[in-house]
Amino acid sequence: MKQIPQRIAFLCLLLFPAPLLAQPKANDVTTPLHALQPDYPVSYGAPATESVKQVLDRIYRYLDTVTPPRFRDRSTGKVLVNTAAINEQTTWQQGDFRLTSYEWGVTYCGMLLAGEATGDQKFTNYTMSRLQFIADALPAFKQLYKQAGNNNNPLRAVMFPHALDDAGAMCAAVVKTLSAGGPSNLRPMADNYIAYISSKEFRLPDGTLARNRPQRNTLWLDDLYMSVPALAQMGKLTGNTRYFDDAVKQVLQFSARMFNKEKGLYMHGWVQGMDVHPQFNWARANGWALLAMAELLDVLPDAHPGRKAVLTQFQALAKGLAAYQSGHGLWHQLLDRNDSYLETSATAIYTYCFARGVNRGWLNAMAYAPAALLAWNAVASKVSAGGQVEGTCVGTGMAFDPAFYYYRPVNVYAAHGYGPVLLAGAEVINLLKRHTFGINDSSLQLSE
């Protein structure tokens, strides 16, 4: 048989390459399918410390701009240059957030931790400057109130707290700032706040902190955070064990009524006298509970008789929460209802608490560190280029029907998102300093 000329063979390859040059198809024999890159909805793996810091920087730049520590005259619009100019027309200069709210108490704590974790003084200065601004103005406003009883007094909630929301988170932030070298005139603020929590807030007969809304004798899970960190910090500051004792009592007595051991989650609200409680496992309230316990464990003496019980409860809730983390890294608004939306602020709180638990030895590092990093990557994706936190549920009361929780709005001006994200990022930086991570057979693993 005559041989095909070389030139003709070359032309055949050019004209009809498929049959002659076909690549072997990807199958279990030709390709390591387990190593194929998944289409993750958020980054997967351990973030670089620098990338975490960049997220914190964006939030700082935004908040430093939109929360000016200044007063203005309501009638003239002029900014007050000193406290001597304070009068009945004095109000806050307009900003995006309130500098004395409980949400901003969390933000102040987040800024302090960010400064500690990164070594960047601007975060610390954010808290120091604003709390000192409030403390410096407080005597003038007190005198004004004595003279005029001014109901528009912008520091009225600081002087006369009338709910745990007014006192708890701010008290913890003030004491932490004092401990970080803040000015001594912060101490009267702390004393005033803790006096309200300890002796003025409504309690059940057994001493459990409660509210009379929306029903009489109601426990809100949120109130663990609105009380326990303040009590814990005052216990540390003063050495008075009664504050520790009260904090432990709140954790255990709330848990006895509200923790579902089968799910490993808390219900949001409990009402004395109800023989059945619809259990809505609202994400952020569970976050407040976990964060309250983390704050208490940070300072509760090892020898305190309640420490073991608090640690056991912290671990039980962490285990329950870990089981409900979504594949996106975020948690749902109602934790056990996957058709409710994914929510940022709760996820940020869990991120912080998981990372803190690992760093403090309260949680197993191999089990919880990957979940914390996945959660952080998800949270970071919710921080806009301008530093606003997206996907945060607005302020939320308690209810006995699901629609209320399903349809709570989300908003970048929901102040609840900023402190938790700062805390989360700062503690993730600490986590990355303490531990190394790698990809083993495509999965994130602790390398130690």
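You'll find the structure just up there.
Since we're looking at a predicted model, the values are computed, not measured. (Residues numbered from 1 in each chain as written. Predicted model: local features only at pLDDT ≥ 70, side-chain atom pairs only at ≥ 80, totals over all residues. Heavy atoms only, no water.)

Let us look at the nonpolar core. Leu-63 and Phe-354 are the most contacted members of the largest nonpolar core, which has 143 residues in total. Looking at this core, the element that brings in the most residues is helix H11 (residues 283-299), giving 12 residues. (Core = buried A, V, L, I, M, F, W, Y, C linked by side-chain atoms within 4.5 Å. Buried < 20%, exposed > 50% of the residue type's maximum accessible area, 1.4 Å probe, protein only. Helix = DSSP H or I, 4+ residues; strand = E, 2+ residues; numbered from the N terminus.)

In this section: the state of the cysteines. Taken as a whole and judged by the stated rule, the model has zero disulfides. The thiol of Cys-109 is not disulfide-bonded; the next cysteine sulfur, from Cys-171, is found 10 Å away. Take Cys-171: its relative accessible area is 0%, and that puts it in the buried class. (Disulfide = S-S within 2.5 Å.)

Below, the discussion takes up the pairing of strand S9 (residues 437-440). When S9 meets strand S10 (residues 443-446), the two strands line up antiparallel, connected through four bridges. Paired with Asn-440 across the strands is Ser-443, a residue of S10. Joining the antiparallel neighbours S9 and S10 is a turn of two residues, in which Asp-441 adopts a positive phi near 55 degrees. (Pairing = 2+ DSSP bridges.)

Here the focus is the pattern of salt bridges. Under the counting rule described, the total for this entry stands at 18 salt bridges. Ionic pairing is found between Arg-307 and Asp-302, a salt bridge with its closest N-O pair at 3.5 Å. Look at the salt bridges and you will find they share partners, linking Lys-53, Asp-57, Asp-120 and Lys-122 into a network. (Salt bridge = Lys/Arg side-chain N within 4 Å of Asp/Glu carboxyl O.)

Turning to the environment of Asp-136, a few remarks are in order. Among the structural elements, Asp-136 can be located in helix H5 (residues 121-148). Residues within four places of Asp-136 in sequence aside, it is in contact with Thr-83 and Asn-185. Within the structure, Asp-136 has its side chain in polar contact with the side chain of Asn-185 (distance 2.8 Å). (Contact = heavy atoms within 4.5 Å. Polar contact = N/O pair within 3.5 Å; in protein donor to acceptor, adjacent residues only side chain to side chain.)

Between helix H4 (residues 102-118) and H5, whose axes approach to 6 Å, the crossing angle comes to 140 degrees. Considering their axes alone, H4 and H5 lie oblique with respect to each other. Between H4 and H5 lies a crossing whose hand is left-handed. Across the interface between the two elements, Trp-104, Tyr-108, Met-111, Leu-112, Ala-114, Gly-115 and Thr-118 of H4 pack against Phe-123, Thr-124, Tyr-126, Thr-127, Arg-130, Leu-131 and Ile-134 of H5. (Axes fitted to C-alpha atoms, helices over the stretch in contact; angles between N-to-C directions. Parallel < 35°, antiparallel > 145°, perpendicular 65-115°, else oblique. Left-handed = near helix turned anticlockwise from the far one by under 90°.)

A grouping of Tyr-40, Tyr-44 and Ile-439 is seen on the molecular surface, where their side chains present a nonpolar patch of about 280 Å² in accessible area. As for its placement among the helices and strands, Tyr-44 is situated in the loop between helix H2 (17-21) and helix H3 (49-66). (Patch = residues over 30% accessible without salt bridge, like charges linked within 9 Å, V, L, I, M, F, W, Y side chains within 5 Å. Areas by Shrake-Rupley, 256 points an atom, 1.4 Å probe, with all protein chains shown as cover.)

What follows is about the packing of aromatic side chains. For any pair of aromatic rings, geometry is given as the distance between the ring centres together with the angle between the planes. Taken as a whole, this structure holds 26 aromatic pairs when the rule is applied. Ring geometry for Tyr-62 against Tyr-418: centres 5.9 Å apart, planes inclined by 35 degrees, an arrangement best described as tilted. Note that Tyr-62 is positioned in helix H3 and Tyr-418 in helix H16 (residues 418-434), a separation of 356 residues in sequence. With a relative accessible area of 9%, Tyr-62 lands in the buried category. One cation-aromatic arrangement involves Arg-211 over Trp-220; the distance from NZ or CZ to the ring centre is 4.1 Å. (Phe/Tyr/Trp six-rings, centres within 6.5 Å; stacked < 30°, edge-to-face > 60°. Lys NZ or Arg CZ within 6 Å of the ring centre and 35° of its normal.)

Attention now goes to the side chain of Gln-313. By the element assignment, Gln-313 lies in helix H12 (residues 307-322). Here Gln-313 falls in the buried class, since its relative accessible area comes to 13%. For Gln-313, the residues in contact, after removing those within four places along its chain, are Ser-255, Phe-259, Tyr-266 and Met-293.

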